[in-house]
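Reading the structure
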Amino acid sequence: MVDVSTTWRSQFEAQACANAPEWLTSLRAKAFARFTELGFPTRRDEEWRFTPVSPITETIFTASTQTVSAEEVALAPFAEIGGTRLVFVNGKYAESLSEVRALPKGAIVTSIAQGFREHAETLEAHFGKYVQGENHAFVALNTAFAQDGALIIIPRNAIVEDPLHLLYLTVAGDTPTVSHPRTLIIAGENAQVTIAEVYSGIGEGTTFTNAVTEIVLAPNAVVDHYKVQAESESAYHVGVQQVQLDRSGNFTSHNIAIGGAIVRNEANAVLAAEGGECTLNGLYIAGTGQLIDNHTAIDHAMPHCNSHELYKGIIKGKGRGVFNGKIFVRKDAQKTDAKQTNQTLLLSKEAQINTKPQLEIFADDVKCTHGATVGQLSEESLFYLQSRGIGLEEATSLLTYAFASEVIGRVKIEALRDQIHSALFLQLPAAIRPEA
Amino acid sequence: MLEIKNLQARVDEKEILRGINLTVNAGEVHAIMGPNGSGKSTLAGVLAGRSAYDVTGGSVTFNGQDLLELAPEERAREGIFLAFQYPVEIPGVNNMYFLRAAVNAIRKHRGEPDMTAGEFTKMAREKVKLLQLDPSLLNRAVNEGFSGGEKKRNEIFQMAMLDPKLAILDETDSGLDIDALQIVSHGVNALRSPDRAVIVVTHYQRLLNYIVPDFVHVLANGRIVKSGGKELALELEEKGYGWIEKELAATA
């Protein structure tokens, strides 16, 4: 039997690091050392209690050099939403498949590999400065291996009108493949940008995406962020998103997860200065053979910040869901207003959810609420629809759609919203589709 | 059209219907009256196929078919319509979309082609006038945020759209002010036809001034204890349900 950790080590030692700046080489080495010390989490680890990752940690993955044609890309879910699009194939930037449209002066939308060469100072100042890799083996692993991904820098006062589409394509091969995409988004003072970070897949076969995204907002910056996870049903996905908000920054995130066999999404935000506003919304659908885990953490470090959180889960068949929502309100964070809602719809007797709100409040003049509901579709609503001639399956589908629509309705990118509609309806029995 | 024989039903082990016999022919309007707890709403629910009720005996045939064998949606497609006493709010489901799905499900069952969005909208615009319903309500979620009166008018609007053979109105008058009551009654009367039957379930005689029934039945303790013409409703109004109970006690 081949030792998995030995494989990671030999891959790390073999990876091409020519021309990498010294700070990066050293950061990678530290990260790999930390990964080795930590080892992968097990279910004895409180944060991973309900999410066994052994199928990931016991598989030998290799990086893939596979290429795909534009035609193949077009067939992948969420491949087109219009506007600027950066395409990454198994984590590697594919310039020929990408298109960067007109941007405000000074805005940078490029690959992080290019960023290491051309924007070394900015990267040195920000790369790995926000995400917590010290106690997170997957984050450490990403930092050790991340060679490519997206780099977005929006300068002060710049407003990017059209959404920026980051399309991370996971292409399955004959053997299990891994990628470590890394995204860094820096929004300058008063800057405004909308970003759709999409993980989509081509082909069946075991794949592992180990993604890390860092987003930093300067004072008054507005970032509207979407993450869509729609990889194949044999995909493993661990994605950690870390957001840092400066004074009066406004960050909104929508996290839509519909693909994957084991998916762990972490959405973390630190409200690091007064007046910040943070919204984390999510929608996930897990069926038989799928486990979708959402961990969120909002850290109110300073006063007068608001956070809103709405996560909805739909679990069918033998699917499994996990939700953990942490809200920290630090001693200084007076006048915090935080609201967390988690609702789960179980469509079968075998469907399972483990949900846990976790509020830790150290300030005394704050407003914090949380609510978690787990339930089935209302019998009375089903009967009402049936009594009008609508079949039970269609009625189920319609009510499930209605449950999800509260989150979908908040997606502001029209093309994305429409595609989420369609994807959601493909997943449901006897698809019926309301017209937009 | 509808033949109910010795129908017995229970909810959670509690016997509610204890042998109902009733025949309703096309073109007729039957009122079913009775005190609270007499089983009126249970009867309406059993006919529409509400699963909370256990039918323990008897039979119901609808145009020759065994109604009790059919799922609620199949009953609706065969032409049974229940106007709910408490219409359900369904957030996230658009009223028009829902109704078009319903209309087309019924048309499909009848072997008719789907109605296009255009045809549907045209029909909805006509029918909505009949019920004096604010057209903007059609583009809202089903019953969500509707007033009590709007919900009841929406029920009759749905009835007009679905064109049933047998309409069962379950206390459609409850909670309505006189204006709304007149609008709802007008809507129902406009739908009266020789091919259609209506069962009006009500606690009060007031509705029957507007929807004049051909037959009135009094339900007490799970049985029809008295049947008559429209004058029976007036008598009940005057003397109260106590009168029936006393009369029954006297003959017992």
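Residues numbered from 1 in each chain as written. Chains lettered and ligands numbered in written order. Predicted model: local features only at pLDDT ≥ 70, side-chain atom pairs only at ≥ 80, totals over all residues. Heavy atoms only, no water.

**Quick look at the interface of chain A and chain B**
On the side of chain B, 32 residues touch chain A, which itself brings 22 residues to the contact. Counting the surface lost from both chain A and chain B, the interface buries some 2,000 Å², and carbon and sulfur atoms represent 62% of this. Counting across the chain A and chain B interface gives 2 salt bridges. Glu155(B) is paired through a salt bridge with Arg388(A); the nearest N and O atoms lie 2.6 Å apart. Counting the contacts that link chain A with chain B gives 10 residue pairs in polar contact (both at pLDDT 80 or more). For the side of chain A that touches chain B, the elements supplying multiple residues, two or more each, are α8 (379-386) and α9 (392-408) of chain A. If one sorts the elements of the side of chain A that touches chain B by residue count, α8(A) sits on top with 7 residues. Of the residues assigned to the side of chain A that touches chain B, the class counts are 11 nonpolar, 6 polar and 5 charged. (Contact = heavy atoms within 4.5 Å. Buried area = accessible area lost by both parts, 1.4 Å probe. Salt bridge = Lys/Arg side-chain N within 4 Å of Asp/Glu carboxyl O. Polar contact = N/O pair within 3.5 Å; in protein donor to acceptor, adjacent residues only side chain to side chain. Helix = DSSP H or I, 4+ residues; strand = E, 2+ residues; numbered from the N terminus. Nonpolar A, V, L, I, M, F, W, Y, C, P; charged D, E, K, R; others polar.)

**Some details on the sheet that holds strand β5 (residues 65-66) of chain B**
All names here are of chain B. Reading across from one edge, β2-β1-β4-β5 is the order of the 4 strands in this open sheet, with antiparallel pairing throughout. Each edge of the open sheet is held by one strand with a lone partner, namely β2 (14-24) and β5. The pairing of strand β1 (residues 2-11) with β2 spans 8 bridges and is antiparallel. Bridge pairing links Ala9 to Leu17 in β2. Against the sheet, helix α1 (residues 40-48) makes contact with β1, β2 and β4 (54-62), and its axis sits at roughly 110° relative to β1, the strand it touches most. (Pairing = 2+ DSSP bridges. Axes fitted to C-alpha atoms, helices over the stretch in contact; angles between N-to-C directions.)

**Let's talk about the domain arrangement of chain A**
Residues and elements named next belong to chain A. For chain A, the assigned domains read domain 1 (4-273) and domain 2 (377-436). Here domain 1 and domain 2 have C-alpha centroids that lie 31 Å from each other. Of the residues lining the interface, 13 residues belong to domain 1; the matching set on domain 2 comes to 11 residues. Across the domain 1 to domain 2 interface the summed buried area is about 1,100 Å²; carbon plus sulfur atoms make up 74%. Across the domain 1-domain 2 interface, the total number found is 0 salt bridges. Put simply, domain 1 and domain 2 have 2 residue pairs in polar contact (both at pLDDT 80 or more) between them. Where the side of domain 1 that touches domain 2 is concerned, the elements lending two or more residues are β9 (192-202), β11 (222-230) and β13 (250-257). At 3 residues, β11 tops the list of elements feeding residues into the side of domain 1 that touches domain 2. A breakdown of the residues in the side of domain 1 that touches domain 2 according to their chemical character gives 9 nonpolar, 2 polar and 2 charged. (Domains from an automatic or database assignment.)

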